[in-house]
Amino acid sequence: MNTLSPNYPLTELNEDEVLFRDTVRQFAEKDIAPLVRRMDEEQRFDAGIIRRLFELGLMGIEIPEKYNGSAGTFFDAILAVESLSAVDPSIAVLVDVQNTLVVNALLHWATDAQKDRYLPQLATDLTGAYALSEAGSGSDAFALQTRAEKRGEDYVLTGRKLWITNSKEAGLFIVFATVNPALGYRGITAFLVEKGAPGFAIGRKEDKLGIRASSTCELIFDGCLVPATQVLGEIGKGYKIAIETLNEGRIGIGAQMVGLAEGAWAHAAKYAKERKQFGKALVEFQAMQFQLAEMATEIEAARLMVYNAARLKEAGLPFRKEAAMCKYFASQVAERVASLAVEVLGGVGFVRDYPVEKLYRDAKIGKIYEGTSFMQLSVIARLMLDLR
Ligand SMILES: Cc1cc2nc3c(=O)[nH]c(=O)nc-3n(C[C@H](O)[C@H](O)[C@H](O)COP(=O)(O)OP(=O)(O)OC[C@H]3O[C@@H](n4cnc5c(N)ncnc54)[C@H](O)[C@@H]3O)c2cc1C
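## Quick look at the overall build of the protein
In step 1: A count of helices and strands for the protein gives eleven helices and ten strands.
In step 2: Relative to its length of 388 residues, the protein is compact, with a C-alpha radius of gyration of 21 Å against a globular reference of 21 Å.
In step 3: Dimensions along the principal axes, computed over C-alpha positions, put the protein at roughly 80 × 45 × 40 Å.
In step 4: Counting every position in the protein, which comprises 388 residues, the buried fraction comes to 54%.
In step 5: Relative to all contacts within the protein whose residues are 6 or more apart in sequence, the contacts with residues 24 or more apart total 73%.
In step 6: When the accessible surface of the protein is summed, it comes to about 17,200 Å², and 54% of that surface belongs to carbon and sulfur atoms.
In step 7: Here the protein carries 45 positive and 50 negative side-chain charges, and the mean point of each set is 4 Å from the other.

## Examining the site of the ligand
In step 1: As a structural note, the neighbourhood of the ligand is formed by 18 residues, with S133, S139, W163, T165 and T372 the closest of them.
In step 2: One nitrogen or oxygen atom from the side chain of S133 is found 2.7 Å from a nitrogen atom belonging to the ligand.
In step 3: Within the side chain of S139, a nitrogen or oxygen atom sits 2.6 Å from an oxygen atom of the ligand.
In step 4: Among the secondary structure elements, those contributing two or more residues to the shell around the ligand are β1 (128–131), β3 (154–165) and α11 (373–384).
In step 5: At three residues, the largest contribution of residues to the shell around the ligand is made by β3.
In step 6: Considered class by class, the residues forming the shell around the ligand number ten nonpolar, six polar and two charged.

## Quick look at α11
In step 1: Between its terminal C-alpha atoms α11 stretches 16 Å, which fits the 16 Å expected from twelve residues at 1.5 Å a residue.
In step 2: Listing the buried residues of α11 in full gives S373, Q376, V379 and I380. Taken end-on, α11 shows its buried residues confined to a sector of 120°, consistent with a single buried face.
In step 3: Contacts made by the buried residues of α11 are with α7 (238–274) and α9 (320–344).
In step 4: Positive phi shows up at D386, right after α11, with a value of about 55°.

## Concerning unusual backbone geometry
In step 1: A positive phi angle, close to 70°, is found at N68, a residue other than glycine.
In step 2: With respect to the secondary-structure elements, N68 resides in the loop between α3 (47–55) and α4 (74–85).
In step 3: Classification of N68 by relative accessible area gives exposed; the value is 52%.
In step 4: We note that D386 has phi near 55°; this positive angle belongs to a residue other than glycine.
In step 5: With respect to the helices and strands, the residue D386 is situated in the segment after α11.

## Looking at α9
In step 1: Under the 1.5 Å per step criterion, the end-to-end length of α9 is 36 Å for 25 residues, consistent within 8% with the ideal 36 Å.
In step 2: Of the residues one or two after α9, G346 is the one with positive phi, at around 60°.

## Some details on the packing of aromatic side chains
In step 1: Counting across every chain of the model gives nine aromatic pairs.
In step 2: The interplanar angle of 85° and the centroid separation of 6.0 Å between the aromatic rings of Y271 and Y354 together place this pair among those described as edge-to-face. Highlighted residues: Y271 in helix α7 and Y354 in the loop between α9 and α10 (356–363), separated in sequence by 83 residues.
In step 3: On the basis of relative accessible area, Y354 is assigned to the partly exposed category, the value being 34%.
In step 4: Grouped by ring-pair contacts, the aromatic residues F142, Y185 and Y239 constitute a single cluster.
In step 5: Looking at R311, its charged tip hangs above the ring of F75, at a distance of 3.6 Å from the centre.
In step 6: Note that K313 overlies the ring of F74, its terminal NZ or CZ placed 5.0 Å from the centroid.

## What about the nonpolar core?
In step 1: Grouped together as the largest cluster of nonpolar side chains are 100 residues, with contacts concentrated most on I32, L53, L84, L106, L122, F176 and I251.
In step 2: Counting residues per element, this core draws most heavily on α7, at 14 residues.
In step 3: For L106, the residues in contact, after removing those within four places along its chain, are K115, Y118, L119, L122, L172, L192 and L232.
In step 4: Within the second largest apolar cluster, 20 residues are counted, among which are A148, A177, F200 and L219.

## A word on a nonpolar patch on the surface
In step 1: A cluster of nonpolar side chains, namely L383, M384, L385 and L387, defines an oily patch on the protein surface of about 390 Å² accessible area.
In step 2: Here L385 shows up in the segment after α11.

## Quick notes on the pattern of salt bridges
Side chains bearing opposite charge may pair, as long as their charged atoms lie close to each other.
In step 1: Inspection of every chain in the model, using the stated rule, returns 31 salt bridges.
In step 2: A salt bridge links R21 to D22; the nearest nitrogen and oxygen atoms lie 3.2 Å apart.
In step 3: Given the relative accessible area of 19%, R21 is considered buried.
In step 4: On the basis of relative accessibility, which here comes to 25%, the residue D22 falls in the partly exposed class.
In step 5: Between D40 and R361 there is a salt bridge, and its shortest N-O distance comes to 2.8 Å. Residue D40 is located in helix α2 (residues 36–42), and its partner R361 is located in helix α10; the two are separated by 321 residues in the primary sequence.
In step 6: On the accessibility criterion, D40 (4% relative accessible area) is buried.
In step 7: For R361, a relative accessible area of 11% puts it in the buried group.
In step 8: Three or more residues joined by partner-sharing salt bridges are found here, namely K30, D31, R52 and E55.

Calculation criteria
- Residues numbered from 1 in each chain as written.
- Predicted model: local features only at pLDDT ≥ 70, side-chain atom pairs only at ≥ 80, totals over all residues.
- Heavy atoms only, no water.
- Helix = DSSP H or I, 4+ residues; strand = E, 2+ residues; numbered from the N terminus.
- Rg over C-alpha atoms; globule rule 2.2 N^0.38 Å.
- Buried < 20%, exposed > 50% of the residue type's maximum accessible area, 1.4 Å probe, protein only.
- Contact = heavy atoms within 4.5 Å.
- Areas by Shrake-Rupley, 256 points an atom, 1.4 Å probe, with all protein chains shown as cover.
- Lys, Arg positive; Asp, Glu negative; His and termini not counted.
- Charge placed at Lys NZ, Arg CZ, Asp CG, Glu CD.
- Near = heavy atom within 4 Å.
- Polar contact = N/O pair within 3.5 Å; in protein donor to acceptor, adjacent residues only side chain to side chain.
- Nonpolar A, V, L, I, M, F, W, Y, C, P; charged D, E, K, R; others polar.
- Expected span 1.5 Å × (residues − 1).
- Arc of directions from axis to C-beta.
- Phe/Tyr/Trp six-rings, centres within 6.5 Å; stacked < 30°, edge-to-face > 60°.
- Lys NZ or Arg CZ within 6 Å of the ring centre and 35° of its normal.
- Core = buried A, V, L, I, M, F, W, Y, C linked by side-chain atoms within 4.5 Å.
- Patch = residues over 30% accessible without salt bridge, like charges linked within 9 Å, V, L, I, M, F, W, Y side chains within 5 Å.
- Salt bridge = Lys/Arg side-chain N within 4 Å of Asp/Glu carboxyl O.

These values are about where atoms sit, not about what they do.
Have a look at this one:
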């Protein structure tokens, strides 16, 4: 919980938060930045960087100390995602999924035995993935078809998941399957499935427009035996786990998009100060100043929305509307700012030698995953218009 007075300005961070954010920023600029282009081209993370993320405590931010975690806050996780994303939105989503979806779900729903087994590993060397989407169920996530049939004390999972972030790196997967399709969403149950479980295989890796270093794969369950002790939460309550974790996860994606926009803006501003045309630095032209000022204003608005949603969540206040709004808005801002940043750099903005073309490609995903922009609008409308 934030120790600042209740009336502090929203962007004012306490001492611990400033220290944490600056540490992540320095790490991102010094250690990640030199690897970004190669990781994007090779479509995989540098293994050493993932190790460093664990060493710095960034993969278990909210995990309590007794499980070797960083004992930080949800807001810290948001700051980490924002700061990493300014340098590489791919690294940011690895950290985001780990903290705001996987660890979050375990902290809220796991049994003591599950926490004892997985939280210390998630804090030190185990990457997690969150598997809800399927080929036939994206926005309509609860139409999922993956079956979990009871066999004695165990469950047998059969089906396929699509688009699963972190699948190449992950050792633990939260998998949503239905124990009885006739029950509709009330049959959906979450399972903890370990990499290497018999009958579980990682399928095709997607060749993506952006966040190319982040792995996105199909998961194949072909009679995968999962002990009943691996059920996360209650049978038939998987829909609740999905809804609640995704409500929080959206704030993380908002932070990813704010960070991306900040990174693009910084590159554009630096270039506009250095590049001379007509005998002057670009930044001396009012048209350029106004573009940069407008971008900065939009970023500030998006950041305020993300921080507000995160602070509301941390304070235990309702935040669903604010979470949907901040993801919706921040993903628009990221796309606009990254696009303008490409234009500010002119020709070199369009080539790979400079980072803005990558940020422009990376921005698009903000409008798609963890609920498309239309789905965010639908959540906002339902909440504001008292619709069911
Ligand atoms: C890179 C990447 C990583 C991902 N990571 C994960 C992950 O880790 N785990 C996971 O479970 N999933 C993941 N996803 C899946 C992602 O959440 C889905 O792609 C997303 O929810 C959209 O689903 P869909 O692709 O099936 O699109 P669809 O649901 O088919 O939507 C297509 C279009 O129709 C619109 N639409 C749909 N329904 C309506 C409606 N009722 N009214 C108006 N418009 C509508 C949508 O807004 C969209 O524009 C990832 C996806 C990508 C691309």
